[in-house]
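Listed below are the residues making up each chain.
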Amino acid sequence: MLRSLAMFFTRGNLFRSLLMLILAAHVFYMYCLARTWGGEIGFHAGQTVIAAGFGLIMLVPLLWAVTVPDWPEIYTRNIRDRRRYQRSRCTACDYDLRGIKETGETICAECGTPIAEPVPYQFTFGIFKKFILINLLAWIIGASSGEMWVFTDEVAFQREVFEANTNEEKAYFRERRWPAVGSLYWTKSLGFYTRSSE
Ligand SMILES: [Zn+2]
């Protein structure tokens, strides 16, 4: 368990996790904007579907970034390893191989990696799958946290009004919590309602 956990924390996976969190933040923001379009307070399936759909659609413009999850590997393979090879160093451990190559040695004396020109990084279907998975995770995390964010804000407003003296003929209103837009209202005659920003 610990070992597989340690194996997960490679530079590439940390980079991809960070990328996923950035995309989740993007979905979260879009979800919060779209969640208030329905003009209703509380959880409504229709509103959620629209907001989650909007969050998904707003991921599409980022499709160009399909190779981004593999940037660490692309860098390693195409830039770092190539540079090491040209300087007569081991592509894996950077061990100085000058003088060793001439002796007909075929593997690195330090780590045993074969001495060969690095194979360029190739685009495979695997990276496409990885990209879809990252986006899917980002979408699920972004949309569900967006729903929680907006919903708990509405609940908080309702509590604020109940805690105040609601018998008075007084209107309550305040802005929704960022990044959601619009305001929340309560009046004695109309009850709770919401309006998108004027
Ligand atoms: Zn080596």
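This section reports on the structure supplied with the text. All residue numbers here refer to positions counted from 1 along the written sequence of the relevant chain. Restriction of local features to residues with pLDDT of at least 70 applies here, the model being predicted, together with a cutoff of 80 or more for giving and counting side-chain atom pairs; totals for whole chains, interfaces and linings are based on all residues.

1. Thoughts on the overall build of the protein
Step number 1: Secondary structure elements follow DSSP: runs of H or I of four or more residues count as helices, runs of E of two or more count as strands, with numbering from the N terminus. The secondary structure content of the protein amounts to five helices and three strands.
Step number 2: Beginning at the N terminus, the succession of helices and strands in the protein can be written as α-α-α-α-α-β-β-β.
Step number 3: For 198 residues, the compact-globule estimate of 2.2 N^0.38 gives 16 Å, and the C-alpha radius of gyration of the protein, at 27 Å, exceeds that figure by more than 25%.
Step number 4: Along the three orthogonal principal directions, the C-alpha set of the protein runs to about 95 × 30 × 30 Å.
Step number 5: With C-beta atoms placed from the backbone, a residue is buried if 20 or more other C-beta atoms are within 10 Å of its own, exposed if 12 or fewer are, and partly exposed between those counts. For the protein, the proportion of its 198 residues judged to be buried stands at 20%.
Step number 6: Here the contact rule is simple: place C-beta atoms from the backbone, and any two residues whose C-beta atoms are within 7 Å are in contact. Sequence-distant contacts, at least 24 apart, represent 56% of the contacts inside the protein between residues at least 6 apart. Computation of the radius of gyration draws on C-alpha atoms, with the globule rule given as 2.2 Å multiplied by the number of residues to the power 0.38.

2. A look at the sheet that holds strand S1 (residues 172-175)
Step number 1: An order of S1-S2-S3 is seen for the three strands of this open sheet, with the pairing classed as antiparallel. The open sheet has two free edges, formed respectively by S1 and strand S3 (191-195), since each of these has just one partner strand. Taking each pair of neighbouring strands and ignoring which way they run, the sheet shows an average axis angle of 15 degrees.
Step number 2: Against the sheet, helix H5 (residues 125-163) engages S1, strand S2 (183-187) and S3, with an angle of about 30 degrees to S2. Strands were regarded as paired on the criterion that DSSP finds at least two bridges between them. For every element, the axis is a line fit to its C-alpha atoms; helices are fit only across the contacting stretch, and the angle between N-to-C directions ranges from 0 to 180 degrees.

3. Here's the deal with the pairing of S2
Step number 1: What you see with S2 is a clean split: Leu-184 and Trp-186 sit on the buried side and Ser-183, Tyr-185 and Thr-187 on the side with no burial.
Step number 2: Across four bridges, S1 lies against S2 in antiparallel orientation. Within S2, the residue paired with Arg-174 across the bridge is Leu-184.
Step number 3: By the bridge criterion, five bridges tie S2 to S3 in an arrangement that is antiparallel.

4. Focus on the environment of Tyr-31
Step number 1: Tracing the backbone through its elements, the reader meets Tyr-31 in helix H2 (residues 11-35).
Step number 2: Separated by 129 residues in the primary sequence, Tyr-31 and Glu-160 have C-alpha atoms spaced 24 Å apart.
Step number 3: Residues contacting Tyr-31, with those up to four places away along its chain left out, are Ala-51, Ala-52, Gly-55, Gly-142, Ala-143, Gly-146 and Glu-147.

5. Some details on helix H3 (residues 45-57)
Every α-helix carries 3.6 residues per turn, so stepping three or four residues along brings you back to the same face.
Step number 1: A helix is expected to span 1.5 Å for every residue after the first. Relative to the 18 Å expected for 13 residues at 1.5 Å per residue, H3 spans 18 Å between its end C-alpha atoms, a close match to the ideal helical length.
Step number 2: Along H3, the residues that are buried comprise Gln-47, Thr-48, Ala-51, Ala-52 and Gly-55. Each buried residue of H3 lies within a common arc of 125 degrees when the element is viewed along its axis, so the set occupies one face. Away from its buried face, by an angle of more than 90 degrees, H3 presents the exposed residues Ala-45, Gly-46, Val-49 and Ile-57.
Step number 3: The secondary structure elements touched by the buried residues of H3 are H2 and H5. It is the directions from the helix axis to the C-beta atoms that the arc portrays.

6. Quick look at the nonpolar core
Within soluble globular proteins, side chains that are nonpolar tend to cluster in buried spots.
Step number 1: Of all hydrophobic cores here, the largest spans 16 residues; its most connected members are Val-27, Tyr-31 and Cys-32.
Step number 2: Breaking this core down by element, the ones donating at least two residues are H2, H3 and H5.
Step number 3: Take this core: its biggest share by element is nine residues, from H2.
Step number 4: For Cys-32, the contacting residues outside a window of four places in its chain are Gly-146, Trp-149, Val-150, Pro-179 and Ala-180.
Step number 5: Ranked by size, the runner-up nonpolar core spans five residues in total, among them Ile-41, Val-161, Leu-184 and Trp-186. Defined on buried residues, the nonpolar core groups Ala, Val, Leu, Ile, Met, Phe, Trp, Tyr and Cys residues joined through C-beta atoms within 7 Å.

7. Overview of H2
Step number 1: For H2, with 25 residues, the first-to-last C-alpha span of 36 Å sits near the 36 Å given by 1.5 Å per residue.
Step number 2: Looking at the buried positions of H2, the neighbouring elements they touch are H3 and H5.

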